[in-house]
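# Breakdown of the fold
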Amino acid sequence: MKEYWTSLASILGVFAFCQTILQTVFPPELRFASAKLFNKIFNCFSSYCYFEITEIDGVNTNELYNAVQLYLSSSVSITGNRLSLTRAVNSSAFTFGLANNDSIADIFNGVNVVWEHVVTQRNSQTFSWRPLPDEKRGFTLRIKKKDKHLILNSYLDYIMEKASDIRRKNQDRLLYTNSRGGSLDSRGHPWESVPFKHPSTFDTLAMDPEKKIEIMNDLQDFANGQGFYHKTGRAWKRGYLLYGPPGTGKSSMIAAMANFLGYDIYDLELTEVHNNSELRKLLMKTSSKSIIVIEDIDCSINLTNRKNNKNNGSGLGSGSGSGLGCSRSYYESGVGEIRGGVGEENVNSITLSGLLNFTDGLWSCCGSERIFVFTTNHIEKLDPALLRSGRMDMHIFMSYCSMQALKILLKNYLGCEEGVDLEESVMKELEEVIGMARMTPADISEVLIKNRRKKERAVDELLEILKVRAEKNKKNGEGDEDDDEEEEEQEKRALDSDSPKQESEIEDDCKEGSEEEEKIK
Ligand SMILES: Nc1ncnc2c1ncn2[C@@H]1O[C@H](COP(=O)(O)OP(=O)(O)OP(=O)(O)O)[C@@H](O)[C@H]1O
Ligand SMILES: [Mg+2]
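Note that the structure is predicted; figures quoted are calculated from it, not measured.

### A closer look at the overall build of the protein chain
Each helix and strand in the protein chain was counted, giving 18 helices and 15 strands. When each of the 521 residues of the protein chain is scored for burial, the buried share is 42%. Partitioning the contacts of the protein chain with sequence separation of at least 6, the portion at a separation of at least 24 is 69%.

### Focus: the sheet that holds strand β6 (residues 103-108)
As a general point, the strands of a sheet are linked pairwise by backbone hydrogen bonds and lie either parallel or antiparallel. Across the sheet, four strands lie side by side as β1-β8-β7-β6; this open sheet has antiparallel pairing. Since the sheet does not close on itself, it has two edges, and those belong to β1 (48-54) and β6, each with one partner. If you compare each strand with its neighbour and ignore which way they point, the axes differ by 25° on average. Sheet analysis places β1 next to strand β8 (residues 135-144), joined by seven bridges and oriented antiparallel. Bridge pairing in β8 places Tyr50 opposite Arg142. Of the strands in this sheet, β1, β6, β7 (111-121) and β8 are in contact with helix α4 (residues 145-170), which crosses β8 at around 130°.

### With respect to the pattern of salt bridges
Applying the stated criterion to the full structure yields eight salt bridges. Among the ionic pairs, Asp147 bridges to Lys146, the shortest N-O distance being 3.6 Å. Given a relative accessible area of 63%, Lys146 falls into the exposed group. When the shortest N-O distance is used, the salt bridge between Asp165 and Lys289 registers 3.9 Å. Linking Asp165 in helix α4 with Lys289 in the loop between α8 (276-284) and β13 (290-294), this pair joins segments that are 124 residues apart in sequence. On the basis of relative accessible area, Asp165 is assigned to the partly exposed category, the value being 29%. The network of salt bridges with shared partners includes Asp218, Arg234, Arg238 and Asp393.

### Considering a negative patch on the surface
On the surface, Glu423, Glu456, Asp460 and Glu464 cluster together to form a negatively charged patch. With respect to the secondary-structure elements, Glu464 resides in helix α16 (residues 455-476).

### Notes on the packing of aromatic side chains
The geometry of two aromatic rings is summed up by the distance between their centres and the angle between their planes. Enumeration over the complete set of coordinates arrives at 14 aromatic pairs. Look at Phe228 and Tyr229: their rings are 5.5 Å apart centre to centre, the planes differ by 90°, and that puts the pair in the edge-to-face class. Given a relative accessible area of 47%, Phe228 falls into the partly exposed group. Among the aromatic side chains, those forming a connected cluster through ring pairs are Tyr65, Tyr71, Phe108, Trp115, Phe139, Tyr155 and Tyr158. Just above the ring of Tyr48 sits the side chain of Arg142; from NZ or CZ to the centre is 4.1 Å.

### Remarks on the sheet that holds β13
With respect to topology, seven strands assemble into an open sheet ordered β10-β9-β12-β13-β14-β11-β15, the strand pairing being mixed. What marks the edges here is a single partner per strand, and that holds for β10 (192-196) and β15 (394-397). Between one strand axis and the next, the sheet turns by 20° as a mean value, whatever way the strands run. As judged from the five bridges shared by strand β9 (residues 173-177) and β10, these two strands associate in the antiparallel manner.

### Regarding the packing of helix α14 (residues 424-437) against α16
The contact between α14 and α16 brings their axes to 8 Å, and the two run at 40°. On the basis of the axis angle, α14 is oblique to α16. Our pair here, α14 against α16, has a crossing hand that is left-handed. Where α14 abuts α16, its residues Val426, Glu429, Leu430, Val433, Ile434, Met436 and Ala437 lie against Val459, Leu463, Leu466, Lys467, Arg469, Ala470, Asn473 and Lys474. Within the contact of α14 with α16, the residues separate by chemical class into ten nonpolar, one polar and four charged.

### Describing the environment of Ala255
Mapped onto the fold, Ala255 is located in helix α7 (residues 250-261). What makes Ala255 buried here is its relative accessible area of 0%. Along the chain, Ala255 and Ser200 lie 55 residues apart, while their C-alpha atoms are 5.8 Å from each other.

### Remarks on unusual backbone geometry
For Asn109, which is not a glycine, the phi torsion comes out positive at approximately 50°. Tracing the sequence through the fold places Asn109 in the loop between β6 and β7. Even without glycine at this site, Arg438 takes up a positive phi of about 45°. Positionally, Arg438 belongs in the loop between α14 and α15 (441-450).

### A short note on the nonpolar core
Among the nonpolar cores identified, the biggest contains 29 residues, and Ile215, Met253, Met257, Ile291, Ile371, Val373 and Ile396 are the most heavily contacted of them. For this core, the secondary-structure elements that each account for two or more residues are α5 (209-223), β11 (237-243), α7, β13, β14 (370-376) and β15. Broken down by element, this core gets its largest block of residues, seven residues, from α7. Beyond its immediate stretch of four places on either side in the chain, Met257 contacts Phe202, Ile215, Leu219, Tyr240, Ile291, Val373 and Ile396. Counting 27 residues, the second-largest nonpolar core is a separate cluster that includes Cys416, Ile444, Val459 and Leu466.

### Regarding helix α13 (residues 403-414)
When the terminal C-alpha atoms of α13 are compared, their 16 Å separation across twelve residues agrees well with the 16 Å that a helix rising 1.5 Å per residue should span. Looking only at α13, the buried set comprises Met403, Ala405, Leu406, Ile408, Leu409, Leu410 and Leu414. Its buried side turned inward, α13 meets α5, α14, α15 and α16. Directly beyond the C-terminal end of α13, a positive phi value near 70° is found at Gly415.

### Some points on the environment of Leu205
Mapped onto the elements, Leu205 comes out in the loop between β10 and α5. We classify Leu205 as buried; its relative accessible area is 4%. In the structure, Leu205 is positioned 200 residues away from Ala405 in sequence and 8.1 Å away in space, judged by C-alpha atoms.

### Notes on the side chain of Asn178
Position of Asn178 among the secondary structure elements: in the loop between β9 and β10. For Asn178, a relative accessible area of 0% gives the class buried. Among the polar contacts made by the side chain of Asn178, one reaches the main-chain amide nitrogen of Glu269 at a distance of 2.7 Å. If near-sequence neighbours (up to four positions away) are discounted, Asn178 is found in contact with Pro190, Trp191, Asp267, Leu268, Glu269, Glu272, Val273 and Leu282.

So, how was this worked out
Residues numbered from 1 in each chain as written. Chains lettered and ligands numbered in written order. Predicted model: local features only at pLDDT ≥ 70, side-chain atom pairs only at ≥ 80, totals over all residues. Heavy atoms only, no water. Helix = DSSP H or I, 4+ residues; strand = E, 2+ residues; numbered from the N terminus. Buried < 20%, exposed > 50% of the residue type's maximum accessible area, 1.4 Å probe, protein only. Contact = heavy atoms within 4.5 Å. Pairing = 2+ DSSP bridges. Axes fitted to C-alpha atoms, helices over the stretch in contact; angles between N-to-C directions. Salt bridge = Lys/Arg side-chain N within 4 Å of Asp/Glu carboxyl O. Patch = residues over 30% accessible without salt bridge, like charges linked within 9 Å, V, L, I, M, F, W, Y side chains within 5 Å. Areas by Shrake-Rupley, 256 points an atom, 1.4 Å probe, with all protein chains shown as cover. Lys, Arg positive; Asp, Glu negative; His and termini not counted. Charge placed at Lys NZ, Arg CZ, Asp CG, Glu CD. Phe/Tyr/Trp six-rings, centres within 6.5 Å; stacked < 30°, edge-to-face > 60°. Lys NZ or Arg CZ within 6 Å of the ring centre and 35° of its normal. Parallel < 35°, antiparallel > 145°, perpendicular 65-115°, else oblique. Left-handed = near helix turned anticlockwise from the far one by under 90°. Nonpolar A, V, L, I, M, F, W, Y, C, P; charged D, E, K, R; others polar. Core = buried A, V, L, I, M, F, W, Y, C linked by side-chain atoms within 4.5 Å. Expected span 1.5 Å × (residues − 1). Polar contact = N/O pair within 3.5 Å; in protein donor to acceptor, adjacent residues only side chain to side chain.

Remember that the coordinates give geometry; whether it matters functionally is a separate question.
Laid out in structure tokens, this is it:
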């Protein structure tokens, strides 16, 4: 064996020597031919094989090159000494890369490989229809010949997947809306998109930390659950129903979910959808790794009397909702019954079953890795069909501000740490009244924002307000909660007064008015 290696080394030595002579004495053509021959002979004896991935493949940009660059950026940032830094268009993150002519080792399925980033000057005589960069860039992948068949395809697939993950994480999220109605854009797309810049995260969300961790784990399990969903024969999707009073953070939670998973958001405005097949088309045009949101579902559709509605089940009336970035009408309650009612199928014939099919039917699994989120202020108004397990997998109650949540708000808005900036006695006082005060995180954050430069004043004012609210609630008993909610809903409706009222609403208002008059009498 030793003799074999000695002779091999001497052969290679001779070739190297010959090449040096050739380089100094012979013309370039001859040198090129000899180098080719040398490489061929060298490759026969080498135990490695090499793959070149150039930046530009002919005239097209090579996607694999970009993918490798991104993939290596994840490990390079930790191990490399000399790195390149880039920031792509539409991205708020910096990407580390392998510097020119540098190399890095990687392991995949127990197999060692080496990547080299090769940069050479481009031959100025090269002819091309479009301007090419001065430098020719490429990656060279070195794998042992015996390992080539074991890993090459799966390794490259893995790299492509990993790169698109990194790209998604680096790139800004998109918020899609169907506010254009049924019309399509020039590419035949029914959705319009804007960059999604909502800063809400699970860190900024004020809620019980245990519940928060439970939700984060659930989301993480979902995102990593491809194998599980495949094995169990389930469509790779998950439904969350967020319910609770206005201002408790339902929209903020959706934004936090999107930022946590790096998913885009499709904010579905049901007013703009005319029938079930349009709803299905919208679904088909959503991408995977996305969150499909219907806000204030109880106000968008009359979900309680679908059996009574002869023609089309529950008619869908209007979209409503808050917060994620699209202006839209709030709380056009009850319109659905009229628009989708008997004999008006052509005007608006989205049915509850259409909506259920949208989330749960065969069509719901075209594409994959989708999350459906519905929000409501009144879970009791929803049809049980929407609530059954498997459809909305997790019901999340967004409650009034608890002590745990208040601590998060104090930290986020005032930078107050428990035990450091706030005395124990103050914390105790806050704890005594926070439950009874039944204030939403939105209300509390308003007080904190107003006084954010004066911590003590902010806490004092908050304590004062909490005490007053708690006292009032104590006096009025339980019924007060409903009154508060009703007041807030009225406010929301008032906000919507710009949009012309539907006949039904006017009728409803009159009815409510006369009912109230009767009550007063
Ligand atoms: N749990 C929370 N944590 C942090 N901030 C919150 C929370 N709840 C509300 N807020 C603040 O209040 C504002 C309104 O909250 P958000 O729109 O998320 O409430 P919502 O529950 O969606 O209300 P609605 O039912 O009216 O749609 C947000 O901009 C956020 O700053
Ligand atoms: Mg909201």
